Amino acid sequence: MISEQAKQRMRELAARYPVARSAVMPALYIAQAEEGYVSRAALEAVAEALNMTVDDVESVATFYTMYYQRPPGKKVIKVCNSISCYLRGCDALIEQLERRLGIKRGETSPDGRYTLLTTECLASCGTAPVLQVNDEFVENLTPELVDRLVDQWEAEFQTEGQSQGRSPAGAGGC
Amino acid sequence: MPELIITKHLDVPGIDRLDVYRQYGGYEALEKALREYQPEEIVELVKKSGLRGRGGAGFPTGMKWGFLAKNEPRYLCCNCDESEPGTFKDRMLMEKNPHQLVEGVILTSYACRVSTAFIYVRGELAYAARQVQRAVDEAYAAGYIGKNILGSGYSLDVIVHRGAGAYICGEESALMESLEGRRGYPRLKPPFPAAVGLYGGPTVINNCETLSTVPAIVRNGADWYASFGTEKSKGTRIFCLSGHVKKPGNYELPLGTPLRTLIYDEQYGGGILGDKKLKAVIPGGSSTFILGADKVDTPLDFESVAAAGSMLGSGGVIVMHEDTCIVDAVLRMTEFYRDESCGKCTPCREGTYWLVQLLERIEHGHGKMSDIDLLLDICDNISGKSFCPLGDAATSSITSSIKLFREEYEYHVREGCCMVGPKARKPAAAAL
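Everything numeric in this text was worked out from a predicted model, so none of it was measured. (Residues numbered from 1 in each chain as written. Chains lettered and ligands numbered in written order. Predicted model: local features only at pLDDT ≥ 70, side-chain atom pairs only at ≥ 80, totals over all residues. Heavy atoms only, no water.)

It is not clear to me how the overall build of chain B should be interpreted in this structure. Could you clarify?
Tallying secondary structure elements over chain B gives 17 helices and 9 strands in all. The globule rule puts the C-alpha radius of gyration for 432 residues at 22 Å, and the 23 Å found for chain B is close to it. For the C-alpha atoms alone, the extent of chain B along its principal axes is close to 80 × 45 × 35 Å. The burial tally for chain B puts 62% of its 432 residues in the buried class. At a minimum sequence separation of 6, the contacts of chain B that also span at least 24 residues come to 70%. For chain B, the accessible area works out to roughly 15,700 Å², and carbon and sulfur atoms hold 52% of it. Treating the 49 positive side-chain charges of chain B as one cloud and the 54 negative ones as another, the clouds have centres 1 Å apart. (Helix = DSSP H or I, 4+ residues; strand = E, 2+ residues; numbered from the N terminus. Rg over C-alpha atoms; globule rule 2.2 N^0.38 Å. Buried < 20%, exposed > 50% of the residue type's maximum accessible area, 1.4 Å probe, protein only. Contact = heavy atoms within 4.5 Å. Areas by Shrake-Rupley, 256 points an atom, 1.4 Å probe, with all protein chains shown as cover. Lys, Arg positive; Asp, Glu negative; His and termini not counted. Charge placed at Lys NZ, Arg CZ, Asp CG, Glu CD.)

Looking at this structure, I do not really get the state of the cysteines. What am I missing?
Defined simply, a disulfide is a covalent bond joining two cysteines at their sulfur atoms. On inspection of all chains with the given rule, the structure shows 0 disulfides over all chains. With no disulfide of its own, C240 of chain B has C125 of chain A as its nearest cysteine by sulfur position, at a separation of 7.3 Å. Between C325 of chain B, a free cysteine, and C418 of chain B, which holds the nearest cysteine sulfur, the sulfur-to-sulfur gap is 3.7 Å. (Disulfide = S-S within 2.5 Å.)

Is there a simple way to think about the side chain of Q132 of chain A in this case?
Turning to its location among the elements, Q132 of chain A is positioned in strand 3 (residues 131-133). Residue Q132 of chain A is classed as buried on the basis of its relative accessible area, which comes to 0%. From its side chain, Q132 of chain A meets the backbone oxygen of E124 of chain B in a polar contact 2.9 Å long. Setting aside residues up to four positions removed in sequence, Q132 of chain A forms contacts with V76, I77, K78, L122 and F137 of chain A together with E124 of chain B. (Polar contact = N/O pair within 3.5 Å; in protein donor to acceptor, adjacent residues only side chain to side chain.)

What exactly am I supposed to notice about the environment of N97 of chain B here?
Residues and elements named next belong to chain B. With respect to the element layout, N97 can be found in the loop between helix 5 (89-96) and helix 6 (98-111). Taking the C-alpha atoms as reference, N97 lies 35 Å from P190; in sequence the two are 93 residues apart. Those residues within four positions of N97 in sequence are excluded, and the remaining contacts are L10, I15, Y21 and M92.

What is the right way to read the interface of chain B and chain A from this model?
By a frequent convention, interface size equals the accessible area lost on bringing the separate parts together. With 61 residues of chain B in contact, the opposing surface of chain A contributes 39 residues. Summed over both partners, the interface of chain B with chain A buries about 3,800 Å², with 55% contributed by carbon and sulfur atoms. Summed over the three residues of chain B that lose the most area to chain A, namely A164, R183 and R332 of chain B, the buried surface amounts to 18% of that side. Summed over the shared surface of chain B and chain A, the number is 4 salt bridges. In this structure, the salt-bridge partner of E139 of chain A is R91 of chain B, at a minimum N-O distance of 3.1 Å. Along the contact surface separating chain B from chain A lie 28 residue pairs in polar contact (both at pLDDT 80 or more). Ranked by the residues each element gives to the side of chain B that touches chain A, the list is headed by helix 13 (residues 326-340) of chain B, at 7 residues. (Buried area = accessible area lost by both parts, 1.4 Å probe. Salt bridge = Lys/Arg side-chain N within 4 Å of Asp/Glu carboxyl O.)

Please explain the environment of L18 of chain B as it appears in this structure.
Residue and element names in this part refer to chain B. Note that L18 resides in helix 1 (residues 18-23). Distance from L18 to Q100, taken between C-alpha atoms, is 10.0 Å for residues 82 residues apart in sequence. The residues contacting L18, other than those within four sequence positions of it, are Y27, H99, E138, A142 and Y144.

Quick question: what am I supposed to make of the packing of aromatic side chains here?
To describe a pair of aromatic rings, you give the distance between the ring centres and the angle between the ring planes. For the structure shown, the criterion picks out 20 aromatic pairs over all chains. Ring geometry for Y251 of chain B and Y268 of chain B: centres 5.5 Å apart, planes at 75°, overall edge-to-face. Of the two residues, Y251 of chain B sits in strand 6 (residues 249-254) while Y268 of chain B sits in the loop between helix 11 (259-264) and strand 7 (278-282), which places them 17 residues apart along the sequence. Each member of the pair, Y251 of chain B as well as Y268 of chain B, is classed as buried. Joined through ring pairs, the aromatic side chains of Y29, F63, Y64 and Y67 of chain A together with Y185 of chain B make up one cluster. If you follow R52 of chain B out to its NZ or CZ, it ends over the ring of F302 of chain B, 4.0 Å from the centre. Just above the ring of Y29 of chain A sits the side chain of R162 of chain B; from NZ or CZ to the centre is 4.5 Å. (Phe/Tyr/Trp six-rings, centres within 6.5 Å; stacked < 30°, edge-to-face > 60°. Lys NZ or Arg CZ within 6 Å of the ring centre and 35° of its normal.)

When you look at the pairing of strand 9 (residues 316-321) of chain B in this model, what are you seeing that I'm missing?
Regular strands place their side chains on alternate faces of the sheet. Residue and element names in this part refer to chain B. The element strand 9 is extensively covered by neighbouring structure, given that 6 of its 6 residues are classed as buried. Of the two faces of strand 9, the one lined by G316, I318 and M320 and the one lined by V317, V319 and H321 are each fully buried. Relative to strand 9, strand 5 (residues 236-243) runs parallel, the two sharing 4 bridges. By the bridge assignment for strand 9, L241 is matched with V317. (Pairing = 2+ DSSP bridges.)

Structure, rendered in structure tokens:
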């Protein structure tokens, strides 16, 4: 379900641009923020707000890699594997992440915690190798740093799990 | 260290905030322009400064502005869709000094009589987009953007637009398609954006670094800017140094500085990682031709790099040392173009897949000798025959590497393994 508030923001965006459909990309971001991915409901909400057909919105959503077609993990890890990171040894780090997270690149862990992706040059070649966790950069990666990161994520999920266990009313992210 | 222009105040704490930016002379150029100059005079000023586009093509900026058709409304698109492998300057400019960019956008909009400007920020650069959005918001609040700016009668609207993961949107016509809310497919040219661009109106499209340079030119004058650099390549630019160097990073240098200085000088690259031998350099992002180590004394200006057989491109200087397997490196770059080909035209869509297949086969020891010439043949059928420059770009590293390192390709075919690098056979085994 896309909230009325989100739909209102989409309509405001449509008015901000010279032509309403120019707001399709920001509107898709708004919808994705609500559902975690671009669901059927998301496509319908954007189409309605911008007076487009659902197929038309979908044609845009499927072109750009940052709109997810299915629910991603809570932590989306994107590791750059373009030339500058390659020269600085990113391949070994990707394999290390695959081992630690128990998934291959392109996969989401069955518990829904992690999605591991390789991505094109992230404009961080001076601090290569580099990855992003939910759009935040981690630069100058080393095997030790990758290990510490995974430990830290695991600890975060553990605390989250415990606090949810104590107060079930607070769970579910509402 | 030579005088800095674009990165001069980059490390001032708080320069990303309006008050600090103003303490360092921020928005003085805009005030001066609105007070003293007619729009056409700024176009002339930038023409005279010799500023050339920093996105890749190096087209003279003022001349581009001068081409705009007279009808209205006109639009400005600032291309901050930085995605060229090896390039990381625009991200830094947006994150650290976003007001400089915003001031450049306003000045350019005034010079070109634009009423709506867009700043198209690459989707992956979320923090950069937030920084630019905040700068735009602050500029609106201070009256630098909006209706009747500083009482001049000039009005401007600025919209920050985020991409969503597509290299092709850095191509100017694909960027406009994306801004219009469509898939980022390039358009046929002509008509050029200056005549028929965004929403069918005359449109000027400039790179982030180019527009970040405009305030300094307006403040200090065309002659001052033209005093840096060489006769035909004026000013400074940011070189993004990456790969096998001791100190990778962004370095602003006058155009014409020798490549050797950038790579080896202690103030910049500090030499090759592990003090190994230099093998090759890509001077302007992965879309430009690879240069051999013998070209290390090439001055980094548009003309000299072209004479050496490549392009200054986006300023992404990628350094490779002697232990780099050129076939594997080229394969990695070609995979990028395969993944980022938009699929609109056949030579690029099919050709890049085929190139990757052949390179994989050679790299993994299953190649045939004829594959090397087949690669060149496919490159010839993509380059100049695809819809937009992405196709040409996909072939640069292949054709130049076969020219420079053909024996390495042949070695892969003959011996079934790499000639150098971690996957090369040990000397004892090779002797068997």
